[in-house]
Amino acid sequence: PDAPGGAALARTLADARIAALLVEIGDAGVGDTLAGAMAALRHVPGLRGRVLGPRLAVFVPGGLPETDPSAGEALARVARRILGGDPPPRVSRFTERFRRLRGSVEVLVLHRSYGRARLWRSARGNSIGRALSTAALVARRRWAERENAMGGPLAEKLDHLDVEVALLSEDGTFDGPTRPRVEPAVRGVHGVGYDRPGAWRYLLPEATAERGDGSGARAFEALLADNDLPPEALGRPDLRFYRFVVQPLGTSAAPATASRRADPLAPAAVRGAAAVPAEEAAQAEPGDDSRDAAGSRTTKVAP
């Protein structure tokens, strides 16, 4: 479970101009205090793990940004329109909170049918609006590539799919990961991943719990096996292993009828309905990248 009170601590640290907290890793049964939660390597909303070492962990302010439910649902409707073939809106058309430069943010777009995740993609960008557009375009492209396996064209299936939008946030890179070090650090709220130059791989939290059967180390091993790597690859110096959390933003439920609605883009997320060619809207800025997954596989998409 999440630990409460992290947001208040993050504000205190910011006011005091303290950049990070160094925490000694200890017994998970320290209690329900913030210090105990960090020592037990639990997720602390308002803070995020930076480095998870053998004996010490570094936590920094900077949890996931807050978004009200109506705005999140509007983002999901925008994602649905892009998935349905519409060109994405210009980033300038998103409201200020979604076009604000954030350094880097990762947005997930997921298709779900009757509670089962069918296909998902995530993208990184310097704003929520840009990353959302890229993720939706990449998801649309991936469905087209796997059209036969997915049961037909996305245009025919989209009205029967829920579209979910979420933010992904890293919650700690493992310094010298081993099975004993990983186990206490991967909880039910966490997904696991690794990256190397040019490629990223991850399991979302529900897949982490299922594939790992309650064990973070087994989840990492399943992820490695998916990508033709042995269990001994856990801790390889050329791979960076990390955990992350998911913050749901909004869902666009499958329409009640088979015909796609032609509602204008939701004003809570986008100002106006003007759009540009997909190639222009998806143009990645320097440093942008995207991750995609069908199961656990992800690849870098060139701008």
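Thresholds, definitions, all that
Residues numbered from 1 in each chain as written. Predicted model: local features only at pLDDT ≥ 70, side-chain atom pairs only at ≥ 80, totals over all residues. Heavy atoms only, no water. Axes fitted to C-alpha atoms, helices over the stretch in contact; angles between N-to-C directions. Helix = DSSP H or I, 4+ residues; strand = E, 2+ residues; numbered from the N terminus. Left-handed = near helix turned anticlockwise from the far one by under 90°. Contact = heavy atoms within 4.5 Å. Nonpolar A, V, L, I, M, F, W, Y, C, P; charged D, E, K, R; others polar. Buried < 20%, exposed > 50% of the residue type's maximum accessible area, 1.4 Å probe, protein only. pLDDT = per-residue confidence, 0-100.

### Here's the deal with the packing of helix H3 (residues 69–83) against helix H5 (residues 128–145)
For step 1, the next point in the chain: With their axes 9 Å apart at the nearest point, H3 and H5 run at an angle of 35 degrees to one another. As H3 packs across H5, the resulting crossing turns out to be right-handed. Counting all contacts with H3, which are made through Leu75, Val78, Ala79, Ile82 and Leu83, the residues of H5 involved are Ile128, Leu132, Ser133, Ala136, Leu137, Ala139 and Arg140.
For step 2, the next point in the chain: By residue class, the composition of the contact of H3 with H5 is 10 nonpolar, 1 polar and 1 charged.

### Here we look at helix H9 (residues 216–226)
For step 1, the next point in the chain: Burial within H9 is extensive, with 8 of its 11 residues counted as buried.
For step 2, the next point in the chain: Taken as a whole, H9 has its buried residues at Gly216, Ala217, Ala219, Phe220, Glu221, Ala222, Leu223 and Leu224.
For step 3, the next point in the chain: Against strand E6 (162–174), helix H7 (179–182), strand E7 (190–196), strand E8 (199–203), helix H8 (205–212) and strand E9 (240–252) lie the buried residues of H9.
For step 4, the next point in the chain: Taken from the residues just after H9, Asp228 is the one with a positive phi, measuring 60 degrees.

### Focus: the confidence of the model for the chain
Low pLDDT marks stretches whose predicted atomic positions should not be read closely.
For step 1, the next point in the chain: Of all residues in the chain, 79% have pLDDT values of 70 or greater, and the mean over the chain is 81.
For step 2, the next point in the chain: Summarising per-element confidence for the chain, the mean pLDDT is lowest in helix H10 (residues 278–281) (30) and highest in H5 (96).
For step 3, the next point in the chain: Under a pLDDT of 50 for its full length, residues 292–303 has, in the predicted model, 41 contacts with residues more than four places off or in other chains.

### Notes on unusual backbone geometry
For step 1, the next point in the chain: For Leu41, which is not glycine, the phi torsion reads 65 degrees and is therefore positive.
For step 2, the next point in the chain: The topology assignment puts Leu41 in the loop between helix H2 (34–39) and strand E2 (47–52).
For step 3, the next point in the chain: Look at Tyr114: it is not a glycine, yet its phi comes out positive at around 50 degrees.
For step 4, the next point in the chain: Relative to the assigned elements, Tyr114 resides in the loop between strand E4 (105–113) and strand E5 (116–125).
For step 5, the next point in the chain: Judged by its relative accessible area of 82%, Tyr114 falls in the exposed class.

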